[in-house]
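Here is how the chains run, residue by residue.
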Amino acid sequence: MTYLRTLISALSLALATAAPTGASASDTTGLSQVELRPGWRMADGTHMAALHIVLEPGWKTYWRAPGDVGIPPQFDWTGSRNIQAVSTNWPTPVVFFEQGMRSVGYKSELVIPLHLTAQTGGADMQLSGEMQIGICKDICIPANLSFNAALPPDVTRPDPMIAAALTDRPYSAREAGVRGVTCAIEAGADGALILHARIDMPSAGGTEYVVVEAGNPHVWVAEPDSRRDGAILHASTRLVHVEGRSFALERSELRFTVIGESRAVDILGCSS
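Just so we're clear, the structure is a prediction, and the values are computed from it rather than from any experiment. Residue numbers run consecutively from 1 along every chain, following the written order of its sequence. Per-residue local features of the predicted model are confined to residues with pLDDT of at least 70, and side-chain atom pairs are confined, for both listing and counting, to 80 or more; whole-chain, interface and lining totals are unaffected and use all residues. The side-chain values count all of the structure's non-hydrogen atoms but skip hydrogen atoms and water molecules.

Some details on unusual backbone geometry
Leaving glycine aside, a negative phi is the common case for residues, and trans is the common case for peptide bonds. Positioned with a positive phi, Asn 82 is a non-glycine residue whose angle comes to about 55 degrees. Checked against the element boundaries, Asn 82 lands in the loop between strand 6 (74–76) and strand 7 (85–88). Judged by relative accessible area, which is 13%, Asn 82 ranks as buried. One non-glycine residue, Ser 108, lies in positive phi territory at about 75 degrees. Under the scheme used here, helices are H or I runs from DSSP no shorter than 4 residues and strands are E runs no shorter than 2 residues, and both carry numbers assigned from the N terminus. Tracing the sequence through the fold places Ser 108 in the loop between strand 9 (101–107) and strand 10 (109–117). Note on classification: 1.4 Å probe, protein chains only; a residue is buried when its accessible area is under 20% of the maximum for its type, exposed when over 50%, partly exposed between these limits.

See below:
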């Protein structure tokens, strides 16, 4: 999907020591603070860092699966050195509504832990890249963040802010007491597939919202219709290839996130 490329003053984040380095966002609409927190080298040789984003009052940003009106966050790690892989640890999101449509994301503040694997252990990592996020108030606009940080191997003390963000995550299926998930898939109109999921799990509290991810970035997933019937949470949705092509669904790659008032639950895969 192509988005309007409105460049909003690139935010450069440079790091030479173990202290977090911020970038002024006073001239960037919707953002009041952005910093890269360098984190620490862990016992297994991987490194934990984080991006810390503070939004101006009334502004919101989006989760990895933002909903129909949101802008999905995108990372580009080109330019990094001695980094084999980067994985993001998304904190528990909230559900909000814009123009009568559901979105999933964050209000006020967001800390995104970054788990980095080195190519060569015991050496500095150079984290260089860009992130595009959507920020919204009355309208939604993309903001481009850039960063360049040296992550030394001799800092081993955990950062409390990052540690707190790592604990603020959805429950796993086992932790939430999920007893099973089954899926029925049928053909819909215009090449779409219709997915009916049956999730046997305790209530997540209050109104429960279900987010479905197909495991394929080229497949669009509609906002599911969901209802609870006793111990069973039902969710049905429509999936379409963004280029109108035919596609197959791998049940093992389907991901369900249930967001309730008490907790969120992350569920991977379903059986037939």
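Now, onward.
Comments concerning the packing of aromatic side chains
The criterion for an aromatic pair is that two Phe, Tyr or Trp rings (for Trp, the six-membered ring) have centres within 6.5 Å, with stacked assigned to planes under 30 degrees apart, edge-to-face to planes over 60 apart and tilted to the rest. Within the structure shown, the criterion is met by six aromatic pairs. Arranged with centres 6.4 Å apart and planes meeting at 50 degrees, the rings of Phe 75 and Trp 90 form a pair that is tilted. Here Phe 75, found in strand 6, pairs with Trp 90, found in the loop between strand 7 and strand 8 (94–98); they are 15 residues apart in sequence, far enough to count as distant. Taking the centre distance of 5.7 Å and the plane angle of 55 degrees together, the rings of Trp 77 and Phe 147 count as tilted. With a gap of 70 residues between them, Trp 77 in the loop between strand 6 and strand 7 and Phe 147 in strand 12 (residues 140–151) connect regions that are remote in the sequence. With relative accessibility at 4%, the residue Phe 147 sits in the buried group. Ring pairs connect the aromatic residues Phe 75, Trp 77, Trp 90, Tyr 106 and Phe 147, which therefore count as one cluster.

Considering the nonpolar core
Counting 34 residues, the largest nonpolar core has Leu 31, Leu 116, Leu 127, Met 131 and Ile 135 as its most contacted members. Those elements giving two or more residues to this core turn out to be strand 3 (31–41), strand 4 (47–55), strand 5 (60–67), strand 9, strand 10, strand 11 (125–136) and strand 12. Looking at this core, the element that brings in the most residues is strand 12, giving six residues. Any two residues having at least one pair of non-hydrogen atoms within 4.5 Å are treated as being in contact. Excluding residues within four positions of it along the chain, Met 131 makes contact with Leu 51, Pro 73, Gln 74, Phe 75, Trp 90, Ile 112, Ala 143, Asn 144, Leu 145 and Phe 147. To define a nonpolar core, start from buried Ala, Val, Leu, Ile, Met, Phe, Trp, Tyr and Cys residues and group those joined through side-chain atoms within 4.5 Å.

What about the state of the cysteines?
We call a pair of cysteine sulfur atoms a disulfide whenever their separation is within 2.5 Å. One pass over the full model with this rule turns up two disulfides. Residue Cys 136 pairs covalently with Cys 140 via a disulfide, S to S 1.8 Å. The S-S bond linking Cys 136 to Cys 140 shows a torsion near 120 degrees; that makes this disulfide right-handed. Disulfide partner of Cys 183: Cys 270, at an S-S distance of 2.1 Å. On the sign convention where negative is left-handed, the bridge of Cys 183 and Cys 270, at about -120 degrees about the S-S bond, is left-handed. Placement of Cys 183 in strand 14 (residues 180–187) and of Cys 270 in the segment after strand 21 (264–268) is noted, with a sequence separation of 87 residues between them. Accessibility assignment for this pair places Cys 183 and Cys 270 in one class, buried.

Looking at the pattern of salt bridges
Pairing is possible between side chains of opposite charge, provided their charged atoms come close. A side-chain nitrogen of Lys or Arg and a carboxyl oxygen of Asp or Glu constitute a salt bridge if their distance falls within 4 Å. Scanning the model with the defined rule gives eight salt bridges in all. Across the pair Arg 37 and Glu 35 runs a salt bridge whose closest N-O atoms are separated by 2.6 Å. Glu 208 is the salt-bridge partner of Arg 228, the closest N and O atoms lying 2.7 Å from each other. Here the residue Arg 228 occupies a position in strand 18 (residues 225–229), and Glu 208 occupies one in the loop between strand 15 (193–200) and strand 16 (209–213), the gap between them amounting to 20 residues. One network of salt bridges, with partners in common, ties together Glu 35, Arg 37 and Asp 159.

Thoughts on the sheet that holds strand 20 (residues 255–259)
Judged by pairing direction, the sheet is mixed, and its four strands sit side by side in the order 13-21-20-16 without closing on themselves. In the strand order of this sheet, the two ends are held by strand 13 (171–172) and strand 16, each with one partner. By the bridge criterion, five bridges tie strand 16 to strand 20 in an arrangement that is antiparallel. When the bridges of strand 20 are listed, Glu 213 appears paired with Arg 255. Two strands are counted as paired when DSSP detects at least two bridges linking them.

Details of the pairing of strand 8
Sheet topology note: the strand 8/strand 9 ladder contains five bridges and is antiparallel. By the bridge assignment for strand 9, Phe 96 is matched with Ser 103. Hairpin connection of strand 8 to strand 9: two residues between the antiparallel strands, including Gln 99 at a positive phi of 55 degrees.

A word on the confidence of the model for the chain
Confidence of the predictor at the level of single residues is captured by pLDDT, which takes values from 0 to 100. Confidence along the chain averages 88 in pLDDT terms, with 90% of residues attaining 70 or more. Within the model, pLDDT remains below 50 along residues 1–26, and this stretch shows 67 contacts once partners closer than five positions in the same chain are excluded.

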